[in-house]
Amino acid sequence: MDGGEEDPRVWTPQEKSLHEARLKAKAKRRLRRTSSRDSNRESLSEAGEPGPDPSSPKDKSHDRKSRMGKGRGLPKKGGAGGKGVWGAPGVVYSYQEPDARDPNYDEVAQGDTVYATVVPELEEGELEKTVHPMVLEYFEHGDTLEVVELLRELNLGGKKAAVSSLAVSLSLEGKASHRELTSRLLSDLVGKVLGPEDIATAFDGMLHDLPDLILDTPEAPQMLGQFIARAVADHALPLDFLERYKGRVDCEHARAALDRAAVLLRIKRDVNRLDNVWGVGGGQRPVKHLIKEMNLLLREYLLSGDASEAEHCLRQLEVPHFHHELVYEAVVMVLESSGETAVAMMVKLLKMLWETGLVTLDQMNRGFQRVYNELGDLSLDVPLAHTILERLVDRCFEEGVITKQLRDTCPARYG
C-alpha cells in the first residue's frame, strides 16, 4: 500500500450489525418524511387550498375541539375557556355572595360580622333537672328578677308551660309562704319569659292532673283555685280563663278548684285581700300590709266569733316575731268599739293565743305597753278610752292573760 492511502477499518461482527441497523432506521425515517411531503403536495394540488402549516401552533395539541371523540365538535366551554379568557363575549356576570369556604375568603373585607350563640332546646328531663333546683333556691331568696335572668338563658322552646307547672306543684307541697312566692313569680314572668297563654296551658294540665295531685296534697283543689284567682287578678292569666270551662268540666276536683276561684274573684272586692289570698307575709311582706291583714283578721273574728279560724289565719301569716302588733290592734279595736261584747270576745281570743303559745309574754307586754304610750292620742278620738282600757286590763288579768305588773302600769288606773 502507498503512504497516501488509509487502511480500511476493520469491523467486528457486533459493530458491523449495529452499523447496519442504524443505517436501516435512518433510511426508514427519510422515507417517511418524503412520503408525508408528497401526500401534502397531492392534497394541495387537488383542493387548490393551502394546508395547515406544520409549524403553526394550531395543531392537535392546541385544538379547542374535543379530542375525546364525543360531542358535536363544538369548542370546549362554548368558546369561553382558555388561558387569559374572561368568558364568552357578551356575558355579564352578576354579584355573587362571598363563600366562607373559599380559600381566598377575606373575613375582614366583609364588614361587620355578627356572631350568635345557639342554645339547644331543653329536653323534658333536662328541663326538670334545671328548673327544679332553681325554684327551690327561689323559695329561699325570693328574688324574682334572678329567676327571670336564669330562665332567659335557657331555650325553653315549646316547654314554657312546664316552668309554671313545676313551680306550682312544688309550692303545693311546701308552705303557704312558698305559694305566695310562686304567685308573685308567675306575675313577674309574664311578658318577660312567659305569656298568659303559657300559664293558662299549665293550669289546664294541673286541673286535668288533680286526681293525682290530691293523693299527696288533699287540699290541692282549693289551693289550685286560689292560684287561679290570684293569677287572674295579677293579669297572669287571661280574664276569660274561667269562662272557657263553663259547662265543660266533668271532674269533681277540677270543678271544686274552678268554683273556689270564681268565688274569690266575685266576693273579694278588696284588692289587698285577694292579693294576699294565701294569708302570708313573713319577711316578704311590707309592715303596712301585715298590719292590714291583722286588722282584717280581728274584724272577721268580731263578726264570726270563730277563735279557731282567727288562730289559723294568724299562723298562716308566718310572722311570729310580729304578733305583738296583733295584741296592739286588738286593744285599739276594743277601745274604738265601746262595747262590752268586744271586750269579752277580745279577752277570749287573747287568752287562747296566750295558752297556745302563739303570743308570748314579751309580745303581750309590748302590745299593751304601746297602747299605754299612745293613750293620750287615742283619747282624743275616744273620750272613754281610759275607762274601757281599765276594764279590759282587769278582765285580762283575771283570765291570766297579763301579769300583775302590766296591770299596775296601766295609765288609766292613775288617770
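Scroll up for the structure.
The structure displayed is predicted, hence computed values, not measured ones.

A.B. asks: Teacher, can you tell me more about the nonpolar core here?
C.D. replies: For soluble globular proteins, the rule of thumb is that nonpolar side chains tend to be buried together. Phe203, Leu207, Leu224, Ile228 and Leu237 are the most contacted members of the largest nonpolar core, which has 51 residues in total. Of all the secondary structure elements, the ones that give two or more residues to this core are helix H2 (124–141), helix H3 (144–152), helix H4 (160–172), helix H5 (176–189), helix H6 (196–208), helix H8 (220–233) and helix H9 (252–267). It is H8 that provides the largest number of residues to this core, a total of eight residues. The contacts of leucine 237, once residues within four sequence positions are left out, are Pro196, Ile199, Ala200, Phe203, Ile228, Ala231 and Val232.

A.B. asks: Would you mind showing me how to read the packing of helix H11 (residues 287–304) against helix H13 (residues 323–337) here?
C.D. replies: Between two packed helices, the angle of one axis relative to the other and the distance separating the axes together describe the packing. Between H11 and H13, the shortest axis-to-axis distance is 10 Å and the interhelical angle comes to 50 degrees. With respect to each other, H11 and H13 are oriented oblique. In the crossing of H11 with H13, the sense of the turn from one axis to the other is right-handed. Residues Ile291, Met294, Asn295, Leu297, Leu298, Arg299 and Leu302 of H11 form the contact with H13, whose own contacting residues are His323, Glu325, Leu326, Glu329, Ala330 and Met333.

A.B. asks: Looking at this structure, I do not really get the packing of aromatic side chains. What am I missing?
C.D. replies: Where two aromatic rings form a pair, the distance of their centres and the angle of their planes describe that pair. Counting across every chain of the model gives two aromatic pairs. Ring centres 6.1 Å apart and planes at 45 degrees place the aromatic pair tyrosine 138 and phenylalanine 139 in the tilted group. Residue placement shows arginine 370 over the ring face of tyrosine 328; its charged tip is 4.0 Å from the ring centre. When the ring centre of phenylalanine 397 is taken as origin, the NZ or CZ atom of arginine 407, which lies over that ring, is 4.4 Å away.

A.B. asks: Mind showing me how you'd approach the pattern of salt bridges here?
C.D. replies: Working definition: two side chains of opposite charge can pair if their charged atoms are close together. Tallying each qualifying case throughout the model produces 16 salt bridges. For lysine 159, the salt bridge identified is with glutamate 121, shortest N-O distance 3.2 Å. Of the two residues, lysine 159 is situated in the loop between H3 and H4 and glutamate 121 in the loop between helix H1 (13–47) and H2; the sequence distance between them amounts to 38 residues. Classification of lysine 159 as partly exposed rests on a relative accessible area of 24%. Between aspartate 240 and arginine 244 there is a salt bridge, with the nearest N and O atoms lying 3.5 Å from each other. Owing to a relative accessible area of 38%, aspartate 240 belongs among the partly exposed residues under this scheme. Sharing partners across several salt bridges, the network here consists of Glu180, Arg184, Arg230 and Asp234.

Reading guide: rules and limits
- Per-chain numbering applies: the sequence of each chain, read as written, is numbered from 1 onward.
- Predicted model: local features are reported for residues with pLDDT of at least 70 only, side-chain atom pairs are reported and counted for 80 or more only, and whole-chain, interface and lining totals are derived from all residues.
- The basis for the side-chain values is all heavy atoms of the structure; hydrogens and waters are excluded.
- What makes a nonpolar core is a set of buried Ala, Val, Leu, Ile, Met, Phe, Trp, Tyr and Cys residues whose side-chain atoms join them at distances within 4.5 Å.
- Remark: exposure states derive from per-residue accessible area (1.4 Å probe, protein chains only) relative to the maximum for the residue type, with buried under 20%, exposed over 50%, and partly exposed in between.
- Here a helix means four or more residues in a row that DSSP labels H or I, a strand means two or more in a row labelled E, and each is numbered from the N terminus.
- Any two residues whose heavy atoms approach within 4.5 Å at even a single point are treated as in contact.
- Lines are fitted to the C-alpha atoms to define the axes, a helix being fitted only along its stretch in contact, and any angle between axes, read from their N-to-C directions, falls within 0 to 180 degrees.
- Every angle not falling under 35 degrees, over 145, or within 65 to 115 is termed oblique; those three ranges are roughly parallel, roughly antiparallel and roughly perpendicular.
- In a left-handed crossing the near helix is turned counterclockwise from the far helix by less than a right angle, and in a right-handed crossing that turn is clockwise.
- Aromatic contacts are taken between Phe, Tyr and Trp rings whose centres are within 6.5 Å, Trp giving its six-membered ring; a plane angle under 30 degrees counts as stacked, one over 60 as edge-to-face, and the others as tilted.
- Consider the ring centre and the ring normal. A charge sits over the ring if Lys NZ or Arg CZ is within 6 Å of that centre and within 35 degrees of that normal.
- The rule for a salt bridge is simple: a side-chain nitrogen of Lys or Arg has to be within 4 Å of a carboxyl oxygen of Asp or Glu.

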